[in-house]
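# Descriptive analysis of the structure
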Amino acid sequence: MAKAVDDSFYLSLGAGDNQLPLIRAARDYGLKVIGVDRNISASGLKLCDLKIQESVLNYRKVYYKICNLIEPSQIAGGYAASYGEALASFAFLCERLSIIGLSRTLMETVLDKYLVRRRLSDIEHSGFAQPLHLEVTQSMRREEIEQLGFPLIAKTRRGASKRHVYRLENWLEVKNFLSKRHLESLGIRGHDLILEQFIEGDEIIVCGFAQNFHFHLVSVHDRIASANPPYIDLEHRFPSRYAHLAKSIEEIHNQACMRLQLSDTPVVSEWKVVADRIYLIELSAQIPGEHVADFLIPKGLRYDYFKNLVKLTLGEKIEPVSEKHRQAVKVKFWPENPGWGEWQEATRSAAFSRVLNSNPPKEITSNLDRYGVAGYIG
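Residues numbered from 1 in each chain as written. Predicted model: local features only at pLDDT ≥ 70, side-chain atom pairs only at ≥ 80, totals over all residues. Heavy atoms only, no water.

### Considerations on the environment of S126
Put simply, the test is: Starting at the N terminus, helices and strands are each numbered in turn, a helix being any DSSP run of H or I of at least four residues and a strand any DSSP run of E of at least two.
Here S126 is to be found in the loop between α5 (113-119) and β5 (128-129). Measuring from C-alpha to C-alpha, the distance between S126 and S248 comes to 8.9 Å, with 122 residues separating the pair along the chain.

Here it is as structure tokens:
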């Protein structure tokens, strides 16, 4: 199985619990691992051959420290099992280290939800749609906003984990929301926002890999969200009730990868389904979180997601997903603390369970605030 040269390293930008599956997959593939994390006690660093204590966002310092430890040519590949600015940092390192990955310019585009919508606006497929949307600017007119219809969604262009997602019911709410005082209280600048038509429909998550600008579909599963903003994740269920749309989904993603120039990267996207037409909510070039990559996909499809991510980032051909092995899998989240007795009972039959936040806040503002998670098979 080992295919790496003895002195080849795999770069893991980040080495916490979420990075463990990637670090293990690189080691299993015969690579030494160089791990970067600001926490020297991060769980993944114990498995790394070389350790760098640094914030993953300080990409220049990370590059400098790498060069002081090894020859950059010894790094065969890598990835950041994270999101947001960490991916932008990794894109910078890809360019400097000459390893496979999106360029900084491309990654900056994909991280911007408004730019993604603009790039994908001319996809030609009867099953593809986007919510009506509007960039927030100083020259916006009331008529433009009202044309989106109410309710509408306001969210940050570069947000993640369902943070800063708001529902606005009428013009007065929009006016108050966009006031300078209110945006300052939220820590948001107006031009960092987009407004979108609210789409009523079931939600699905699509996961796959872009290799040579071609999309390889790995999985489609259902996402169950909270009824109110910020619409945090409550459950992920495989297989999806919309599995019959797989062909259309793959065709649409092939066009998306070409228009965004995505190659040799993981892709995860979120959609709402209305009468078998899919409306794009978000698309990103990252590893799916929420225990999708490390539990739902391997258990539901018997597909080694992280092994194939390593192959992808080394420039090797990824494996196709077998149609033979499918079983029902569910990942369930608890926003509030249910109490220890109820938690024990609810997770008794779980394949895994974990308390994420023992003292969740009264007001849940993002996925990061939830109490716990458990995974079930069957």
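### Observations regarding the environment of M107
This is how it is decided: The contact definition used throughout considers only heavy atoms, calling two residues in contact when any of these lie within 4.5 Å.
Its location among the elements puts M107 in helix α4 (residues 104-111). When residues no more than four places from it in sequence are discounted, the contact partners of M107 are L87, A88, A91, L102 and A285.

### Brief notes about the pairing of strand β7 (residues 152-156)
Note the following rule: A simple rule labels every residue: compare its accessible area, found with a 1.4 Å probe on the protein chains alone, to the largest value its type can have, and call it buried under 20%, exposed over 50%, or partly exposed in between. Between any two strands, at least two bridges found by DSSP are needed for them to pair.
Burial of β7 is extensive: 5 of the 5 residues sit out of reach of the surface. Residues L152, A154 and T156 of β7 are buried on one face, and the alternating residues I153 and K155, pointing to the opposite face, are buried as well. With 4 bridges connecting them, β7 and strand β8 (residues 165-168) associate as antiparallel partners. Within β8, the residue paired with K155 across the bridge is V165.

### Examining the packing of aromatic side chains
Remark: the centre distance and the inter-plane angle together describe each pair of aromatic rings, the angle taken between the planes. Put simply, the test is: Centre distance within 6.5 Å is the pairing criterion for rings of Phe, Tyr and Trp, where only the six-membered ring of Trp is used; planes under 30 degrees apart are then read as stacked, over 60 as edge-to-face, and the remainder as tilted. Here, over-ring charges are defined by two tests on the NZ atom of lysine or the CZ atom of arginine: distance to the ring centre within 6 Å, and angle to the ring normal within 35 degrees.
Evaluated as defined, the whole model comprises 10 aromatic pairs. Residues W343 and Y371 carry aromatic rings whose centres are separated by 5.4 Å and whose planes lie at 90 degrees to one another, so their mutual orientation is edge-to-face. In this pair, W343 sits in helix α12 (residues 340-346) while Y371 sits in the loop between β16 (352-355) and β17 (372-377), placing the two residues 28 residues apart along the sequence. Judged by its relative accessible area of 4%, Y371 is buried. Chaining the aromatic ring pairs together yields one cluster made of F209, Y305 and F306. The cationic tip of K330 hangs over the ring face of Y376; the distance from NZ or CZ to the ring centre is 5.6 Å.

### Side note on the sheet that holds β8
Note the threshold: Interaxial angles span 0 to 180 degrees and are taken between N-to-C directions of axes, which are lines fitted to C-alpha atoms, for helices over the stretch in contact.
Ordered in space as β6-β9-β7-β8, the 4 strands form an open sheet in which the pairing is antiparallel. Strands at the two margins of the open sheet, each flanked by one partner only, are β6 (133-135) and β8. Across the sheet, the mean angle separating the axes of adjacent strands is 25 degrees when strand polarity is ignored.

### Some words on the nonpolar core
Test applied: Side-chain atoms within 4.5 Å link the members of a nonpolar core, which is a set of buried Ala, Val, Leu, Ile, Met, Phe, Trp, Tyr and Cys residues.
Judged by nonpolar contacts, the single largest core of 93 residues is most densely connected at L11, I66, L93, I204, L262 and I297. Here this core takes 9 residues from helix α3 (residues 85-97), the largest share from any one element. Membership of the second largest hydrophobic core comes to 14 residues, among which are L148, I188, L193 and L195.

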